[in-house]
Structures are given as structure tokens and as C-alpha cells.
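Observations on the three-dimensional arrangement
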Amino acid sequence: MGQVRPRKLLVKAGALLAAPGDRMISRREVILAIGAGALSLPMTRLAQAQPGPGVHRIGFLAVRSRSTPSNPDVRYDAFVKGMHALGYVEGKNLIIEWRFADDKYERLPSLASEIVQANVEVIVTHATPPAKSLQRATRTIPIVAVALGDPVGDGFAASLARPGGNITGLSVITGDVSLKHLELLKEVVPALSRVAVVANPDNANHRAIMKNIRDAAQKVGVSTLSVEARDSAEIERGFAAMNRERAEGVLVIQEAIFTGQLKKIADLAIKYRLPAIYASPQFADAGGLMSYGQNITDLFRHAAIYVDKILKGAKPSELPFEQPTMLEMVVNRKTAKMLGLIIPLSVLVRADQVVE
């Protein structure tokens, strides 16, 4: 990553519905339900069912896997660091039952059942599809969901202020941010007339976002090309299709699978000389032209506070869903030069970070 200019501007985007105070710091007592049949279980199984005194067992379900050298991703590591800062150390007083679908949505229901059966006190998850699978698997174990698009509309909560069920967490702005992406791309490429929009057809939220983008694009005289992708191979085919269809820019909707392929996506955009904008700052850090959206890494660090509150007795039904109060814009001038673009001063002065 190149040099990064210090933050200059934080863009307000909605009101915080959580209780006032610091970053929302959250025990559900462990329910030991070992019947007569459990006495015959091997000792390793018993150890899993009964954490030692003062040891907490939580679950973690996500579509993609943890960070790898080829796809560095610090978001889930940020959650572990957040727990450590609150006094929970994995391997000492904390056991995390990690479950990853490896970008295969069809694996989520079985993985959700595995976590529920692992006798966890709280489950952390990322994005809407895994949260839906967990909701079907349990209505009693507290769930802290990160980066949900519409907690109320998707049936996770009665209201943001008082969810009312076993799910709480941190939501994101999705549709509105994608509309802003279109505006920013138009500022950087004033002659933009055809934009490709990369979406995952398995993510129900993307259909609504696509409609919003198409409607907004039509108003400013820009046509859209829908590119569906579920994995690395489909992403590659999608960029080849953009090139054939003469797209002049790319908008990548927020999606866990896409974040798992961020370096590939950023490299493909450069290969086909397509100005692209993304929802996560990680894309711009990895060579993407621009990003505008919430810092998901911060959300995962913050999720540890929710887990702590629940472990100490708070009820998820009474913990408000937190909405983002700040959006970050990152511009990668190095990539802009590679694409032969000059980023307008009107965009640069609004950026929180500029990668040189």
C-alpha cells in the first residue's frame, strides 16, 4: 500500500440509534444440558459440551474464510482483537467455534446447525444470508449480526431501537451508498454512459439494490449492465463480459464473497482499464480506484462489545441495532494514473484517505 494521507473528512450518514456513550460495550449463562446419555460420550466430546469455569464458548459463522496470504482480510481478526481488548483470550477463557462456508451459500444451513449444537452462548455472523440460516436454526441463542442491510425489513428485528428477538448487531447502509457510488463514478468519468454493476444473485438484498441503481442511472442518462457472480470463476467471466459489452465503469455492490476476492477484482478492473468503485476501503487499499462506505473492520471490532454485553447478562432483544454514523471515502491516485485518469479536486477534497 502506498502512502496514505491522514483523514480529512468524515461523512455523516444517519443517526446512531444505540444508547449514548462509548462504542457500545455487552452473559448469558451457560446452559448445561447433559442428559444421562452424555455420560457415555468420549472425554473430548464432554470437554466441548462443558467449558471449564470462566471459559466462554461462542460461535462464528461467515460465508467466506479467514484471512489468507492471497486474500488478506483483517475483519475477522479485528473481532478477535476486540475480544482480547475486553479480556477474552482465545485458548484461555474463550473458545470460538469457527464455521466458514468458503463462498458456498448452500453450506450455510448445515453450518448453522453445527454451531447451534456446539453449546455456544453467543453466535457472531456476517451479512444477511448467514444470519437467515442462523435465525432458522435457533430462536433462543443470542446472535450478533454484523453488516446487515435492513434488519427490520429482512425480519430480524421488530425495530432498530428494540429488536425484540434473539438477534441484534450492526447494520450498514447499502442502497443509498450504491447510489452515491454512481454519482462519484460520474464525477471521475464525466462521459460515463454505461456502467457495469457486479452483484451476487444468491444475495436477496442485491435485487433491491440493483433496482435502485438502474432507476438512478436512467435519470442521469447512464445505462447499466448487470453482472452476476458467485465465485472467482464467475467474477473473471463477468469482467470479460464487461469488456465485450464496452462498459465504461464498474460498481461493485457490498458482498462478503466479493471482499474475499478483492485483490482479483481490483486487478481485473485495472487489466480491462475500467474505473471501479467499491463499498469497502479494503478495495482501494488493494489497488481499487475508489471506495465509499462503512469500514467493516471497525464494525467487527465493535461487535466484540455486543458479545461482551451479552455474556454479562444483556438481552439481545433490548440491545439496539447500531447504524453507521460515518462513511469513509478512499481514493487511490496510483491506480488512477495507471488508468490514465485525473481525479477531480472536488473529489479529492472530500476523501478521507488518498493512496499515493
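As the structure is a computational prediction, the values presented were derived from the model and not from experiment. Numbering of residues begins from 1 in every chain and follows the order in which that chain's sequence is written. Reporting of local features is limited, given that this is a predicted model, to residues whose pLDDT is at least 70; pairs of side-chain atoms are given and counted only at 80 or more, and all residues count toward the totals for whole chains, interfaces and linings. For side-chain calculations, the full set of non-hydrogen atoms in the structure is used, while hydrogens and water are omitted.

**Description of the packing of helix H2 (residues 75-85) against helix H11 (residues 296-311)**
Our working rule: Interaxial angle, 0 to 180 degrees, is taken between N-to-C directions of lines fitted to C-alpha atoms, where a helix line uses only the stretch in contact. Strands are runs of DSSP state E lasting at least two residues, helices are runs of H or I lasting at least four, and both sets are numbered from the N terminus onward. Handedness of a crossing is defined here by the sense of rotation of the near helix relative to the far one, left-handed for an anticlockwise turn of less than a right angle and right-handed for a clockwise turn. Whether two residues are in contact is decided by their heavy atoms: any pair within 4.5 Å suffices. As a working rule, the residues Ala, Val, Leu, Ile, Met, Phe, Trp, Tyr, Cys and Pro are called nonpolar, Asp, Glu, Lys and Arg charged, and the rest polar, with Gly in that last group.
Taken N-terminus to C-terminus, the directions of H2 and H11 make an angle of 35°; their axes are 7 Å apart at the nearest point. Relative to H11, the crossing made by H2 is right-handed. Facing H2, whose interface residues are Arg-75, Tyr-76, Ala-78, Phe-79, Gly-82 and Met-83, H11 presents Ile-296, Thr-297, Phe-300, Arg-301, Ala-303, Ala-304 and Val-307. Grouping the amino acids of the contact of H2 with H11 by side-chain chemistry returns nine nonpolar, two polar and two charged.

**Topic: the pairing of strand S6 (residues 167-171)**
What counts is decided by this rule: A 1.4 Å probe rolled over the protein chains alone gives each residue an accessible area, and that area as a share of the maximum for its type sets the label: buried under 20%, exposed over 50%, partly exposed in between. Paired strands, as defined in this entry, are two strands with at least two bridges between them according to DSSP.
Counting buried positions over the five residues of S6 gives five, a clear majority of the element. Note: strand S5 (residues 143-148) against S6, five bridges, orientation parallel. Directly across from Val-144, in S6, lies its bridge partner Thr-168.

**Structural notes on H2**
For H2, the complete set of buried residues consists of Arg-75, Tyr-76, Ala-78, Phe-79, Val-80, Gly-82 and Met-83. Along its buried surface, H2 packs onto strand S2 (56-62), strand S3 (94-100), strand S4 (122-126), helix H8 (256-260), helix H10 (281-285) and H11. One or two residues past the end of H2 sits Gly-87, with phi positive at roughly 100°.

**Thoughts on the nonpolar core**
Selection rule: Only buried residues count toward a nonpolar core, which is a set of Ala, Val, Leu, Ile, Met, Phe, Trp, Tyr and Cys residues joined through side-chain atoms within 4.5 Å.
With 46 residues, the main nonpolar core has Val-198, Phe-239, Met-242, Val-250, Phe-258, Ile-265 and Tyr-278 as its most contacted residues. A per-element tally of this core places helix H9 (residues 262-271) first, with five residues. With residues near it in sequence (within four places) discarded, Val-198 still touches Val-227, Ala-229, Met-242, Val-250, Leu-251, Val-252, Ile-253 and Phe-258. Residues Ala-199, Ala-217, Met-290 and Ala-351 belong to the second largest nonpolar core, which totals 33 residues.

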